[in-house]
Amino acid sequence: MPVTTPSRPYTLADFDFELPAELIAQHPAPERSASRLLDATGAQPVDRVFRDLPALLEPGDLLVFNDTRVIKARLLGAKASGGAVEALVERVLPPREALVHLRASKSPRPGSRVRFISADAASSFDAEVLGRGGPGGSLFHLRFPADPFALLERHGHVPLPPYITHPDTAEDERRYQTVFAKNPGAVAAPTAALHFDEAVLEALRRRGVAMASVTLHVGAGTFQPVRSENIAEHRMHSEWFEVPQATVDAIAATHAAGCRVVGVGTTTLRALESAALGGALVAGARETDIFITPGFAFRVVDRLITNFHLPKSTLMMLVSAFAGHERVMALYAHAIRARYRFFSYGDAMLLERGTAGAAA
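Residues numbered from 1 in each chain as written. Predicted model: local features only at pLDDT ≥ 70, side-chain atom pairs only at ≥ 80, totals over all residues. Heavy atoms only, no water.

> Please explain the overall build of the protein as it appears in this structure.
Looking only at helices and strands, the protein features eight helices and 17 strands. Taken over the C-alpha trace, the protein has a radius of gyration of 21 Å; the compact-globule value for 360 residues is 21 Å, and the two agree within 12%. Within the protein, the fraction of its 360 residues that count as buried is 53%. In the protein, once contacts between residues fewer than 6 apart in sequence are set aside, the share between residues at least 24 apart is 72%. Total accessible area on the protein is roughly 15,300 Å²; 53% of this is exposed by carbon and sulfur atoms. Side-chain charges in the protein split into 38 positive and 38 negative, and the spacing between the mean points of these groups amounts to 4 Å. (Helix = DSSP H or I, 4+ residues; strand = E, 2+ residues; numbered from the N terminus. Rg over C-alpha atoms; globule rule 2.2 N^0.38 Å. Buried < 20%, exposed > 50% of the residue type's maximum accessible area, 1.4 Å probe, protein only. Contact = heavy atoms within 4.5 Å. Areas by Shrake-Rupley, 256 points an atom, 1.4 Å probe, with all protein chains shown as cover. Lys, Arg positive; Asp, Glu negative; His and termini not counted. Charge placed at Lys NZ, Arg CZ, Asp CG, Glu CD.)

> When you look at the side chain of Asp-61 in this model, what are you seeing that I'm missing?
Its location among the elements puts Asp-61 in the loop between helix 1 (53-56) and strand 3 (62-66). Its relative accessible area of 2% is what places Asp-61 among the buried residues. Only 2.8 Å separates the side chain of Asp-61 from the side chain of Arg-260, close enough to count as a polar contact. Residues within four places of Asp-61 in sequence aside, it is in contact with Val-209, Ala-210, Cys-259 and Arg-260. (Polar contact = N/O pair within 3.5 Å; in protein donor to acceptor, adjacent residues only side chain to side chain.)

> Any chance you could explain the environment of Trp-240 here in plain terms?
When you line up the elements, Trp-240 lands in strand 13 (residues 239-243). In this structure Trp-240 comes out as partly exposed when scored by relative accessible area, which is 29%. Separated by 149 residues in the primary sequence, Trp-240 and Arg-91 have C-alpha atoms spaced 9.3 Å apart. Sequence-distant contacts of Trp-240, that is, excluding residues within four places in its chain, are made with Arg-91, Thr-215, Leu-216, His-217, Ala-285, Arg-286 and Glu-287.

> How do you make sense of the pattern of salt bridges when you look at a structure like this?
Where charged atoms of side chains with opposite charge meet at close range, the side chains can pair. In total, this model carries 19 salt bridges according to the counting rule given. Put simply, Arg-48 and Asp-39 hold a salt bridge, and the shortest N to O gap is 3.0 Å. You can call Asp-39 buried: its relative accessible area is 5%. With a closest N to O distance of 2.7 Å, Arg-115 and Asp-126 form a salt bridge. You can see Arg-115 sitting in strand 8 (residues 113-117) and its partner Asp-126 sitting in strand 9 (residues 124-133), a full eleven residues away along the chain. Through salt bridges with shared partners, a single ionic network connects Lys-72, Glu-153 and Glu-173. (Salt bridge = Lys/Arg side-chain N within 4 Å of Asp/Glu carboxyl O.)

> What exactly am I supposed to notice about the sheet that holds strand 14 (residues 261-264) here?
Across a sheet, strands are paired by hydrogen bonds formed along the backbone, either parallel or antiparallel in direction. Strand order in the open sheet made by the nine strands is 2-1-17-16-14-3-12-13-15, with mixed pairing throughout. Whereas interior strands pair on both sides, the edge strands pair on one side only; in this sheet they are strand 2 (46-49) and strand 15 (284-288). Strand-to-strand twist across the sheet, computed as the mean angle between neighbouring axes with direction ignored, equals 25 degrees. Across three bridges, strand 14 lies against strand 16 (residues 303-307) in parallel orientation. For Val-262, the partnering residue across the bridge sits in strand 16 and is Arg-303. Against the sheet, helix 8 (residues 325-337) makes contact with strand 1 (36-40), strand 2, strand 16 and strand 17 (348-352), and its axis sits at roughly 145 degrees relative to strand 1, the strand it touches most. (Pairing = 2+ DSSP bridges. Axes fitted to C-alpha atoms, helices over the stretch in contact; angles between N-to-C directions.)

> Even after reading the chapter, I still don't get the packing of helix 6 (residues 266-274) against helix 7 (residues 314-323), so can you show me in this structure?
Packed helices, taken two at a time, are described by their axes: the angle between them and the distance between them. Viewed as axis vectors pointing N to C, helix 6 and helix 7 meet at an angle of 65 degrees, and their least axial separation amounts to 11 Å. The pairing of helix 6 with helix 7 is recorded here as roughly perpendicular in orientation. Between helix 6 and helix 7 lies a crossing of left-handed hand. Residue-level inspection shows Thr-266, Leu-269 and Arg-270 of helix 6 in contact with helix 7, the latter providing Leu-315, Leu-318, Val-319 and Phe-322. Here the contact of helix 6 with helix 7 is composed, by residue class, of five nonpolar, one polar and one charged. (Parallel < 35°, antiparallel > 145°, perpendicular 65-115°, else oblique. Left-handed = near helix turned anticlockwise from the far one by under 90°. Nonpolar A, V, L, I, M, F, W, Y, C, P; charged D, E, K, R; others polar.)

> What exactly am I supposed to notice about the nonpolar core here?
Core analysis: the biggest nonpolar cluster contains 67 residues, and Tyr-176, Phe-342 and Leu-351 have the highest contact counts within it. Those residues in contact with Leu-351 that lie beyond four places of it in its chain are Ala-40, Asp-302, Arg-303, Leu-304, Thr-306, Val-319, Phe-322, Ala-323 and Leu-331. Of all hydrophobic cores here, the second largest spans 21 residues; its members include Ile-71, Val-89, Ala-98 and Leu-152. (Core = buried A, V, L, I, M, F, W, Y, C linked by side-chain atoms within 4.5 Å.)

> How do you make sense of the packing of helix 7 against helix 8 when you look at a structure like this?
Across the interface, helix 7 lies against helix 8 with an axial gap of 7 Å and an inter-helix angle of 120 degrees. The angle between the axes of helix 7 and helix 8 places the two elements in the oblique class. In this structure, helix 7 crosses over helix 8, and the sense of that crossing is right-handed. Taking contact as the criterion, the partners of Met-316, Val-319, Ser-320 and Ala-323 in helix 7 are, on helix 8, His-325, Arg-327, Val-328, Met-329 and Tyr-332. Split by residue class, the contact of helix 7 with helix 8 holds six nonpolar, two polar and one charged.

Right, dumping it as structure tokens:
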């Protein structure tokens, strides 16, 4: 992994901050692009609105989006014995299987069946438990009776993050999804992209800003806490991603012209920087468990649009690596004072890559 030496050793406590509970956004802004945008590209942060973004970019800049589509990955049901079951699909496997997080009073045995019931209780389906799977056998391997994506769409719930306390609604089905979502497979939204609407996209086109995409299917592990004070001991979950050749070519052309690559969200950044770990950006599909902490040498992304993240999270470490730890902590303090809204349905900021994060 390309790294430089951090200015000092960092521990988990370095990424902690006090966040008033009322700043955790429980619902999206009335309009996608009406959310706030903290412009952190200059010496001093500037409070803006997200629809101001086109004016902050230059003709020839390239925005890269994650076009993953959130699936209704949360299922509710019961075992044959009658015990309640809650499942969160982590990954769909061909042809009709899935790896799931499963909560039950007693773990179901291989060969047993679990019945999942639709939100309106009008229909159900049975899934067969094949055994355990995933890292360390932490997940359950299920076989579905038909196409899992179709069954999830009919019977599943929107997999809202644990800090959103209301049950999923029609609003969540519409707004916990980007306007350009295409490839199904994510169990959490690429939240920085939730602020884009057609009006902003059209304004970007008129501005001469180019656009490209990657796909990274966000897993539930994105909410996995870091439990060790020594952050080097943390192991990231694995996620599937794909970088098309057209995106590699667009990035090369952008940099050759002296323009900037703007990653929309940490998932886009993780995909691009994972694909460039060997030095050059390489197209293709593969898995990544990249863990980006201060000292990482970024090779692709010059600017980052991102939401405000949880204290002590791997995403706090990533943005600190990108823009500088002291800078990011000061920006978060400003955001709290200015009453920005945090996490998935919250506001966004635009970051410039710090010199410490540049590849040699």
